[in-house]
Amino acid sequence: MEYIFSLKNGIKVVIYTDGNNIIVNYLSSGRIVRAGILFNNYRLGLTSVIKDDEIYIAYVSVENELVWDKLGNENPIVLYADKGERWMIDKIFIREYQGTLLLFYMV
């Protein structure tokens, strides 16, 4: 899954997966001005949304954790974890409702 967002300052942000990595590229005038690996523990379910020029990300890690993060924040939040892997986290998506972001998922 990949996401492309346009920030108010004209920079485009591209977020995508490659293997176990979630990668972000910042583009200005069609050229990459900054790129890097956001996370290296991705397993499945990448979803992302922009709200008020801030980008939010959720995904399932290889440790079977549901991770929530705001781009630029240094401390992602683990919302749900099943280390015994008895339960599978799936169908993750973010929606905005009346100005509030809601994260939906199935276990």
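The model shown is predicted, which means the values in this text are computed figures rather than measured ones.

K.L.:
I'd love a proper account of unusual backbone geometry, names of residues and values included.
P.N.:
Within the chain, lysine 91 stands out as a residue other than glycine whose phi angle is a positive 55°. Looking at the element boundaries, lysine 91 is found in strand E9 (residues 90-97). Backbone geometry places glutamine 98, a non-glycine residue, at a positive phi of 50°. In this fold, glutamine 98 is placed in the loop between E9 and strand E10 (100-106). Taking relative accessible area as the criterion, glutamine 98 reaches 70% and is therefore assigned exposed.

K.L.:
Run through the packing of aromatic side chains, naming residues and quoting values.
P.N.:
Throughout the structure, instances matching the rule amount to six aromatic pairs. An angle of 0° between the planes, with centres 6.1 Å apart, marks the rings of tyrosine 3 and phenylalanine 5 as stacked. The exposure class of phenylalanine 5 is buried, given its relative accessible area of 9%. Through successive ring pairs, a cluster of aromatic residues spans Phe39, Tyr42 and Tyr59. The lysine or arginine in question, arginine 34, covers the ring of tyrosine 26, its NZ or CZ lying 4.2 Å from the ring centre.

K.L.:
Residues and numbers for the sheet that holds strand E3 (residues 21-28), please.
P.N.:
Strand order in the open sheet formed by four strands is E1-E2-E3-E4, with antiparallel pairing between adjacent strands. Since the sheet does not close on itself, it has two edges, and those belong to strand E1 (2-6) and strand E4 (31-39), each with one partner. Between one strand and the next, the sheet's axes are offset by a mean angle of 20°, whatever the strand orientation.

K.L.:
Go over a nonpolar patch on the surface with me, naming the residues and quoting the values.
P.N.:
Residues Phe93, Tyr97, Leu102 and Phe104 make up a contiguous nonpolar surface patch of about 360 Å² in total accessible area. Among the secondary structure elements, those contributing two or more residues to the nonpolar patch are E9 and E10. Take phenylalanine 93: it is sitting in strand E9.

Criteria and cut-off values
- Residues numbered from 1 in each chain as written.
- Predicted model: local features only at pLDDT ≥ 70, side-chain atom pairs only at ≥ 80, totals over all residues.
- Heavy atoms only, no water.
- Helix = DSSP H or I, 4+ residues; strand = E, 2+ residues; numbered from the N terminus.
- Buried < 20%, exposed > 50% of the residue type's maximum accessible area, 1.4 Å probe, protein only.
- Phe/Tyr/Trp six-rings, centres within 6.5 Å; stacked < 30°, edge-to-face > 60°.
- Lys NZ or Arg CZ within 6 Å of the ring centre and 35° of its normal.
- Pairing = 2+ DSSP bridges.
- Axes fitted to C-alpha atoms, helices over the stretch in contact; angles between N-to-C directions.
- Patch = residues over 30% accessible without salt bridge, like charges linked within 9 Å, V, L, I, M, F, W, Y side chains within 5 Å.
- Areas by Shrake-Rupley, 256 points an atom, 1.4 Å probe, with all protein chains shown as cover.
- Salt bridge = Lys/Arg side-chain N within 4 Å of Asp/Glu carboxyl O.

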